[in-house]
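So the chains spell out like this:
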Amino acid sequence: MAYATTNPYTGETLQTFPDATDNDVRQAISAAYEAFLAWRKTSFAERARVMTAAAEILRRDIDKYARLVTLEMGKLFSEAKAETILSAEIFEYYAKNAENLLKPEKLPVATPAEGEATLVHQPQGIVFAIEPWNFPYYQIARIIAPQLSAGNTVLLKHASNVPQCANIFQELMEEAGLPAGAFRNLYLARHHTEMLLNDPRVCGVALTGSEGAGAIVASTAGKALKKATMELGGADAFVVLDDADVEKSAKWAAFGRHWNAGQVCVSSKRLIVADAVYDRFVEVYKAEVAKFVAGDPMDSSTTLAPLSSQKAADDLKKQVEDAKKHGAVVEVIGAPVPEKGAFFQPLLMTNLHQDNEARHWEFFGPVTQLYRVKDEAEAIRIANDTPFGLGGSVFTKDTARGVRVAEQIHTGMVYVNHPTMVKADLPFGGVARSGYGRELIGLGIKEFVNHKLIDVVDIDAPF
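Residues numbered from 1 in each chain as written. Predicted model: local features only at pLDDT ≥ 70, side-chain atom pairs only at ≥ 80, totals over all residues. Heavy atoms only, no water.

J.: Explanation requested: the environment of A180 in the structure shown.
T.: As for its placement among the helices and strands, A180 is situated in the loop between α6 (163-175) and β7 (183-185). Taking the relative accessible area as the measure of exposure, A180 reaches 71% and is therefore exposed. Considered as a pair, A180 and A32 are 148 residues apart in the sequence and their alpha carbons are 8.1 Å apart. Beyond its immediate stretch of four places on either side in the chain, A180 contacts A31 and A35. (Helix = DSSP H or I, 4+ residues; strand = E, 2+ residues; numbered from the N terminus. Buried < 20%, exposed > 50% of the residue type's maximum accessible area, 1.4 Å probe, protein only. Contact = heavy atoms within 4.5 Å.)

Structure follows, in structure tokens:
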């Protein structure tokens, strides 16, 4: 596993990092567990103080943190700053709400003989986090903020192309006052996953990544009888009904497909448009995509970033060629992109018919799948014709209709009149091959705690 900082805009490899040794991993596990033994008894107020301090540091040094994201994975500097703020907001959310989210719950009982039943939520140990490169800070924040707030500790294996982002987040938490060992970044080799999950002090694993990685890690966790949460791929449907505001819908579609250079699991990847508005929608959509300017992601005038690496661009190009072999029709849209850097020309893909298996693929970059449908029923059918189930959108002027259609789309999240969003106070997660479990809000903080029943029963009560 080669951990390296390679600038996607220039192609220059700036720094490399050696893999952790087995001894490094053993020491990190021991330190994380020792920290847990004290941290689990630490007051919510003290945990909140650390979360608040982390948020304040991110806000104070926003440019420093954002530049590192742009350097390592090519995100627009403006988007990197927005991600840094979002991460701060997640810390602030748990600083404010963790104690209330985990307060003991009195349970209703059928008869007094059942006693006074209470459900308490207690931390369990070390959570192993495996995170991807497309949101280097947000992905970390949305697992460590809730888990540290709950009293667990966390060991991180981040993506190999964002090693400095991973390291600076460890430094962030140390500066915020988190006890030593409670959060540690490790440049892990592949065999270390099994080593960690087989350790009894590790209570589970949270992974965001590909289906392949998720299947391997979930299998390893299952053999070790460890809890796992999986946030995997997505091919979000963007449904435009016949009564939608076409101009606004098309503008949101262009944004929803191309933010972060299209490298988002909840990107608006499949545009499903009613026949009555199809022609006008496509016209506006192409015009909006033509406005994107590809270039230096640090330049404020740039609105389309390079992909995260040249390999990512090469892999996407091959995937498009494979789709064409299955019958897909591909049209170049938008302004030409620079030859220098890991840029990818925006494409529009049609003829994704029932026999074209490319309709089931996730294209992680600025490749738009476009479907023309005759009515609402066909839109719902195509929206659900996917192995994924992460997010989605429905556009209509009749919001009651939008909700009714949203209820029939089999995903973890559906937004009416907006692309799928990521916010500090909204849950995130999917179904089917998009994974299982939830992150953020109360659902996320309770994924790796023990929901323990304590029942006080009269000694003379019948059995």
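J.: Where do I start with the sheet that holds strand β9 (residues 227-231) in this structure?
T.: Strands sit in the order β7-β6-β5-β8-β9-β17 across an open sheet of 6 strands; the sheet is mixed. With partners counted over all chains shown, the strands left at the sheet margins are β7 and β17 (435-436), one partner each. Packed onto the sheet, helix α5 (residues 138-150) meets β5 (126-130), β6 (153-157), β7, β8 (202-208) and β9 and runs at close to 160° relative to β6. On the sheet, α6 packs against β6 and β7 and is oriented at approximately 160° with respect to β7. (Pairing = 2+ DSSP bridges. Axes fitted to C-alpha atoms, helices over the stretch in contact; angles between N-to-C directions.)

J.: Even after reading the chapter, I still don't get unusual backbone geometry, so can you show me in this structure?
T.: For N260, which is not a glycine, the phi torsion comes out positive at approximately 55°. As for its position among the elements, N260 is in the loop between α9 (246-258) and β11 (270-274). Residues other than glycine seldom take positive phi values, yet A432 does so here, at roughly 55°. Among the structural elements, A432 can be located in the loop between β16 (415-416) and β17.

J.: I would appreciate a short explanation of the state of the cysteines in the present structure.
T.: Note: disulfide means a covalent bond formed between the sulfur atoms of two cysteine side chains. Tallying each qualifying case throughout the model produces 0 disulfides. This cysteine, C265, is not joined by any disulfide, and C165 carries the nearest cysteine sulfur, 17 Å off. (Disulfide = S-S within 2.5 Å.)

J.: Could you clarify how one ought to interpret the pairing of strand β13 (residues 347-350) in this entry?
T.: The side chains of a regular strand alternate, residue by residue, between the two faces of the sheet. Where strand β12 (residues 329-332) and β13 come together, 4 bridges link them in antiparallel fashion. Across the sheet, the residue bridging to V329 is T350, located in β13. Two elements, β13 and strand β14 (residues 367-373), share 3 bridges in a ladder whose sense is parallel. Looking across to β14, one finds that L347 is bridged to V367.

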